[in-house]
Amino acid sequence: MRVEPFDTQRHMEFTRRATFVAGGVSCLFVGVGYRLWDLQVARHDEFRAQADENQFNTRLIAPLRGDIYDRYGNVVANNVPDFRVLVIPERTDNLRDTLVRLAAVMPLEAEQIDRILNKAKRQRSFLPILVKDKLDWETYASVNFHSTEMRGVVSEIGASRAYAEDAGAAFVVGYVGSATADDITRKREAADTDEAAEKAELLYRQPGYKVGKSGLERTLDDRLQGDPGSVRVQVNAHGRVIETYKDNAQPPSQGTAIGLTIDKDLQAKTLEVLASNYGEYPDEALGPHPLSASAVVLDIITGDVIVMASTPAFDPNVFSRGIETKLWRELNESPLKPLLNKPVQGTYPPGSTFKLLTAIAAQEQGIDPSTTVYCNGTYRFGGRDFTCWKKEGHGRLDMEGSIKHSCDVYYWHLATQLGIDQIAEVAQRYGLGQTYDLGIGAEAEGIVPSQAWKRAYYRNDPPNQTWFPGETLSVAIGQGAVTASPLQLAVMSARIATHKAVTPRLVRAIGGSLVPEPLFEELPGDPQNVKVVQDGMNAVVNEWGTAARSSLLPDFKMAGKTGTSQVVGLRRDPVTGRRLKNEEIPWQFRDHALFVAFAPYENPRYACSVVVEHGGSGSKAAGPRARDIMRAVLEKDPSNYDKHQFWKGQQDLTEVAMLGGAR
Amino acid sequence: MTIVIEASGKRNKLRKRLADLNSPLIILLTLIASAGVLALYSVSDGSWTPYAMPHAIRFGLAMVVMIGIGVTPLKFWLSLAYPGYFFALFLLLLVPVIGATNMGAQRWLELGGFQLQPSELMKVALVLALARYYHGLEFKQVSSITGLIPPLAMIGAPVGLVFLQPDLGTAILMGLSGVTVLLLAGISWRLVTLGVIAGVGGAIAGVQSGLIKAYQWERITAFLNPDADPLGANYHPNQSKIAIGSGGVDGKGYMQGTQSQLDFLPEMQTDFIFTIIGEELGLYGAIGLLGLYLAVFFTTLQIAMSAKSHFGRLLAFGIAVTFVSYVLINTGMVMGLAPVVGVPLPLVSYGGTVMLSMMAGFGLVMSAWIDRSQDTLRTSGFGS
């Protein structure tokens, strides 16, 4: 091989070039050093803050919702531990893969995975999404164990809303659900500052956070929600909390506790009574019939709604959990309307219970209650015969007797001497045709017909609608256009019992302190007029009137009035022309059965209304149920506690009631 | 008898060469590797496993290899330059045929139980071969077409092969050190300018024609716009900047780095190891480490300058440039100055192959140092 001679020229060139390259390298090192200075000195604060932002996180701690109690402090709604699994999309390597892996350790359907993926597209990726809640302990523990291998999966123990199953208070309490976009918008708009709005949104978007959706849960949502707490935590890149700085943690404060006026036990008892078969159709050939009924019991001194029951009812827990479509459809399409809060949303022709109001209106127009009317079973008006429910006639009756026997002819007779507007005014005064803003959503107003009402109803189509005197005849016995809700009927009964403007309420205590008891004003009109009606109601129950079988004698003296209201007009056999009995026609065409009552007669404390849809007759279906409900109510009344052992074995209710200021 | 004398002569020679080793270089390299052990110990939450201990052992072995290469006469390496280069090229060609695919790239050869990354071997072999080439080339030939074609081919072939694996980082590094040797050999500035223009043109053509893959281009350009795609291409450089910047002058303290210890930077034992030094030991630690690297560079430069043979000069300096290229690209990468191209920090990042190739390179530097006074080198066969 060739041997290269030493070459001065290329050595010199190398030295020059090497110096050049070394200079270049040095410059680059200076550049790197400058960058270090730039990052670590000049912009240190900025990066320090970013590192803190990475590792420290202020977590909002969702507050517990306020508990809801009945009037004796029994839990109606509270919070129970909830094992759940969340996923933080940002922290997963691939959300779909992570969910698929998760599905191997817990029940998770493809449909649910799609739902989560959809949700992830719609919200910021650092916000956690609820994968599943209400897990049993084994599943939770297994996910917890595996979640260390799955970036972005978080398992935690939260709180979920639980409703006492036996409370039957679904309609009163309502239920909670996840916040919708509308809920969030509304909450943001209600916030004073941007910061508060942001915080509220973060809270509302927390998986598993629930807001009130209906009933008092919705109306009193702001008070029930409470204030979120916050805690500073150190997290690693996977979102796992490394350290929690408890020192400066701000604990959440639970929402305000709400005390209802409802008595949970009486509510349960009422539901049981409503759902029991009272043999209303002894000739029933078609087997068992459906029962769709409601009842309201009021404390007439305070206006407290002691019982507000509707059957069939539903379990609010299924709504809190997130109801399945199938069950929802079932509830929604049932002819028994389980989703309808019948005590306030159902309206029915009041039937004979309305006669009480007609009687008061008549006295106010100067008709002497001792004036008698002879009932021979029919009443001729406008060239037509009206038939009394007792077609053989009641004979001669004064006003008290007309109530006792519920004679139609008597009231038709009165109707001819009364204007519809005079009846309407009394009906309004005694609680019909209005709502009471109980805070449980849509209350039906019902209809109290008057001349103005008729004009407005027909809106001049056909034009110039006027009230026909014949229509007054229908209204006088609670038929025709007049309708009322069970709540309104209970209020009517309470106002008749006291001659005061009793107004119902559902909330008795907020945050441990009692809502001041209202003082009801005396109603306008002569109390003497009402006295006749009260006596009539006493006779109905206790003096062999239409509801003799509903008497509580000798224990209590209850006054009441039956009502049987027609759903369809005339029901005659197409061949023989015979009037058909209730049990001979399909359930949904049978008469509604109603009963209103108050007790004790001498010193009234409770008012009650019972409506059994298509129950046939007030005296058979509604009266006996009201009797049993009122018996329970009266026996539980603190003043009767010693005498009746019905509620023995519970707490000393007298004392609780005293503390609560019920008496 | 003669055999014994010869053997004892050889022993004396070996002792003399061992005594002649450049101790500052050995000390500097050991310090850098120790910094690596320190950093890796912290990365694994204060544990010798799985990184720190293997790293230390590998460095010990690599040091033996370095000394072994260093005590071998420089003329032996001169004679091995071309065969070595072609052997490395042969292995590179084998990679696409029998290589193992790992994370979408074929870089490895499985050879009888251990893995070999031919591109690492080539990094040293290329410098060696180029030094050999210019050692035998008259200066006036350097800038001529005939003198230019062989070295360009020598650079182009392996760079192209590595680029196609695809391993952009190594291709860039290899190309950079090859071209630097050309520059040191004295090719005219006009050619250098032309080369730069051709390089830029080639890069543009590469992108246009789709030869550079989309993900490579994204990674190359991502650093220019750090706010874009913070969870994708820019996640690592952004988090690493935060880590280093938040370290400040004094650092957060050894094993106290929040970014590093809380996993905001996954897989940091490899390419992003510099981050933990910047975060935990601050500006002092980072500048200290850079100072060590610069010291290695200048020590090697001094060795190159002192070599009387052109082969020794080009070889030593070529290795030095390869070494600092690693350092500059890596630190630039973790601080958002350069694209993330997968270049480790030599002797500090966890990984045996790069350590071995770099230490082998420094073995050659050492050999050049010991034989610095030989102005001419006789190329010798294996036996002589």
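Each residue is numbered by its place in its chain's sequence as written, counting from 1. Starting at A for chains and at 1 for ligands, labels are handed out in the order in which the entities are written. At least 70 in pLDDT is required for a residue's local features to be given in this predicted model, at least 80 for side-chain atom pairs to be given and counted, and no such filter applies to totals for whole chains, interfaces and linings, which use all residues. Computation of side-chain values covers all heavy atoms of the structure but excludes hydrogens and water.

Student: Got a minute to help me understand the overall build of chain A in this structure?
Tutor: Secondary structure counts use DSSP, requiring at least four H or I residues in a row for a helix and at least two E residues in a row for a strand, with both numbered from the N terminus. The secondary structure content of chain A amounts to 24 helices and 21 strands. Here the radius of gyration uses the C-alpha set of atoms, whereas the globule reference equals 2.2 Å times the residue count to the power 0.38. Here chain A has a C-alpha radius of gyration of 36 Å; the compact-globule value for 663 residues is 26 Å, and the former is much larger. Overall, the C-alpha framework of chain A stretches about 150 × 60 × 45 Å when taken along its three principal axes. Exposed residues in this analysis have more than 50% of their type's maximum accessible area, buried residues have under 20%, and partly exposed residues fall in between, with area computed by a 1.4 Å probe over protein chains only. Counting the 663 residues in chain A, one finds 54% classified as buried. Taking the intrachain contacts of chain A between residues at least 6 apart in sequence as the baseline, contacts between residues at least 24 apart amount to 73%. Working definition of accessibility: Shrake-Rupley area with a 1.4 Å probe, residue cover restricted to the visible protein chains. Counting every atom, chain A has about 30,000 Å² of accessible surface; 51% of that belongs to carbon and sulfur. As used throughout, the charge tally considers Lys and Arg to be positive and Asp and Glu to be negative, leaving His and the chain termini uncounted. Lys charges are placed at NZ, Arg charges at CZ, Asp charges at CG and Glu charges at CD. Charged side chains in chain A number 76 positive and 83 negative. The centres of these two groups are separated by 3 Å. We call two residues in contact when some of their heavy atoms are within 4.5 Å.

Student: Would you take a moment to explain the nonpolar core for this structure?
Tutor: When a protein is soluble and globular, its nonpolar side chains tend to lie buried together. We call a set of buried residues a nonpolar core when its members are Ala, Val, Leu, Ile, Met, Phe, Trp, Tyr or Cys and they connect through side-chain atoms within 4.5 Å of each other. Counting residues in each nonpolar core, the largest one holds 128 residues, and the members touching the most others are Leu260, Met308, Tyr430, Met492, Ile496 and Val610 of chain A. Not counting residues up to four positions away in its chain, the partners in contact with Val610 of chain A are Leu274, Ser294, Ala295, Ala593, Leu594, Phe595, Ala622, Arg625, Ala626 and Ile629 of chain A. The next biggest cluster of nonpolar side chains, apart from the first, holds 127 residues, and it includes Val25 of chain A together with Leu184, Leu283 and Val324 of chain B.

Student: Which parts of the structure should I look at to understand the domain arrangement of chain A?
Tutor: Interfaces are often sized by the accessible area lost when the parts come together. One can read the domain layout of chain A as domain 1 (80-162) and domain 2 (264-328 + 340-660). Domain start and end points were adopted from an automatic or database domain assignment. For domain 1 of chain A versus domain 2 of chain A, the separation of C-alpha centres amounts to 52 Å.

Student: Got a minute to help me understand the side chain of Ser325 of chain B in this structure?
Tutor: Checked against the element boundaries, Ser325 of chain B lands in helix 13 (residues 310-334). Look past the residues within four positions of Ser325 of chain B in its chain and what remains in contact with it is Leu173 and Leu176 of chain B.

Student: Quick question: what am I supposed to make of the interface of chain B and chain A here?
Tutor: With 62 residues of chain B at the contact, the number on the chain A side is 44 residues. Carbon and sulfur atoms supply 70% of the area that chain B and chain A bury against each other, a total of about 4,600 Å² over both sides. If you sort the residues of chain B by the area they bury against chain A, Phe139, Leu262 and Leu328 of chain B come out on top, with a joint share of 14%. Salt bridges, as used here, are contacts in which a Lys or Arg side-chain nitrogen is within 4 Å of a carboxyl oxygen on Asp or Glu. One can count 0 salt bridges joining chain B with chain A. Nitrogen and oxygen atoms within 3.5 Å of one another constitute a polar contact, given that in protein one can donate a hydrogen and the other can accept it, and given that sequence-neighbouring residues count only through two side-chain atoms. The interface formed by chain B and chain A includes 14 residue pairs in polar contact (both at pLDDT 80 or more). If you list the elements that add at least two residues to the side of chain B that touches chain A, you get helix 5 (118-135), helix 7 (168-185), helix 10 (235-247), helix 11 (258-261), helix 12 (273-306) and helix 13 of chain B. The biggest single contributor to the side of chain B that touches chain A is helix 12 of chain B, with 14 residues. The term buried area means the drop in 1.4 Å probe accessible area that two parts suffer when joined, counted for both and summed.

Student: Looking at this structure, how should I read the UniProt feature "transmembrane region" (unreviewed entry) in chain A?
Tutor: UniProt positions are given in the numbering used here, feature names are shortened, and annotations may be inferred rather than shown by experiment. In this numbering, the UniProt entry assigns the feature "transmembrane region" (unreviewed entry) to residues 20-37 of chain A. The span residues 20-37 of chain A shows a helical share of 100% and a strand share of 0%, and its end C-alpha atoms are spaced 25 Å apart.

Student: In this structure, what is going on with the pattern of salt bridges? I would like to understand it.
Tutor: One side chain can pair with another of opposite charge once the charged atoms of both are near each other. Residues and elements named next belong to chain A. For the coordinates displayed, the defined rule picks out 39 salt bridges over all chains. Across the pair Arg65 and Asp221 runs a salt bridge whose closest N-O atoms are separated by 2.9 Å. With Arg65 in the loop between strand 1 (56-61) and strand 2 (68-69) and Asp221 in helix 10 (residues 221-225), this residue pair connects regions lying 156 residues apart in the sequence. Taken individually, Arg65 and Asp221 each receive the classification buried, so the pair is uniform in this respect. Residue Glu201 is joined to Arg188 by a salt bridge in which the shortest nitrogen-to-oxygen separation is 2.2 Å. Note that Glu201 is positioned in helix 8 (residues 194-205) and Arg188 in helix 7 (residues 181-190), a separation of 13 residues in sequence.

Student: Help me out: how do you make sense of the sheet that holds strand 19 (residues 559-565) of chain A in this one?
Tutor: The strands making up a sheet associate through backbone hydrogen bonding, with each pair oriented either parallel or antiparallel. Residue and element names in this part refer to chain A. Strands are labelled as partners when DSSP assigns at least two bridges between them. Ordered by their spatial adjacency, 5 strands build an open sheet running 12-11-21-20-19, and the pairing between neighbours is antiparallel. Unpaired on one side and paired on the other, strand 12 (305-311) and strand 19 mark the two borders of the sheet. Within the sheet, the average angular offset between the axes of one strand and its neighbour, ignoring direction, is 5°. Only the stretch in contact is used when a helix axis is fitted, and all axes are lines through C-alpha atoms; the angle between N-to-C directions ranges over 0 to 180 degrees. Where helix 22 (residues 527-542) meets the sheet, it contacts strand 19 and strand 20 (592-599), and its direction lies at approximately 80° from that of strand 19. The strands touched by helix 23 (residues 618-636) within the sheet are strand 11 (293-299), strand 19, strand 20 and strand 21 (606-612), with strand 21 carrying the most contacts at an inclination of about 145°.

Student: Is there a simple way to think about the layout of surface pockets in this case?
Tutor: Where empty space is left can be seen by rolling a probe of water-molecule size over the atoms. Volume-wise, the second largest pocket comes out at about 1,800 Å³. Both cavities and pockets are sets of points on a 1 Å grid over the protein atoms alone; in a cavity a 1.4 Å probe fits but cannot get out, in a pocket the set is open with protein on both sides within 12 Å along at least five of seven lines, and lining residues sit with an atom within 4 Å of a point. Taken together, 46 residues line the second largest pocket, and the ones lying closest to its centre are Ile172, Gly175, Leu176, Val179 and Gly199 of chain B. Among the secondary structure elements, those contributing two or more residues to the lining of the second largest pocket are helix 1 (8-42) of chain A together with helix 6 (145-164), helix 7, helix 8 (189-209), helix 9 (214-222) and helix 13 of chain B. Among the elements that line the lining of the second largest pocket, the one with the most residues is helix 8 of chain B, at 13 residues. When residue character is reported, Ala, Val, Leu, Ile, Met, Phe, Trp, Tyr, Cys and Pro are called nonpolar, Asp, Glu, Lys and Arg charged, and the others, Gly included, polar. Grouping the constituent residues of the lining of the second largest pocket by class yields 36 nonpolar, 10 polar and no charged. Grid points are joined across faces, edges and corners, and a volume is the space filled by probe spheres set on the points.

Student: Explain the side chain of Ser550 of chain A here, please?
Tutor: Residue and element names in this part refer to chain A. Residue position: Ser550 is located in the loop between helix 22 and strand 19. A distance of 3.3 Å separates the side chain of Ser550 from the backbone oxygen of Gly623, its partner in a polar contact. If near-sequence neighbours (up to four positions away) are discounted, Ser550 is found in contact with Val541, Met558, Gly623, Pro624 and Arg627.

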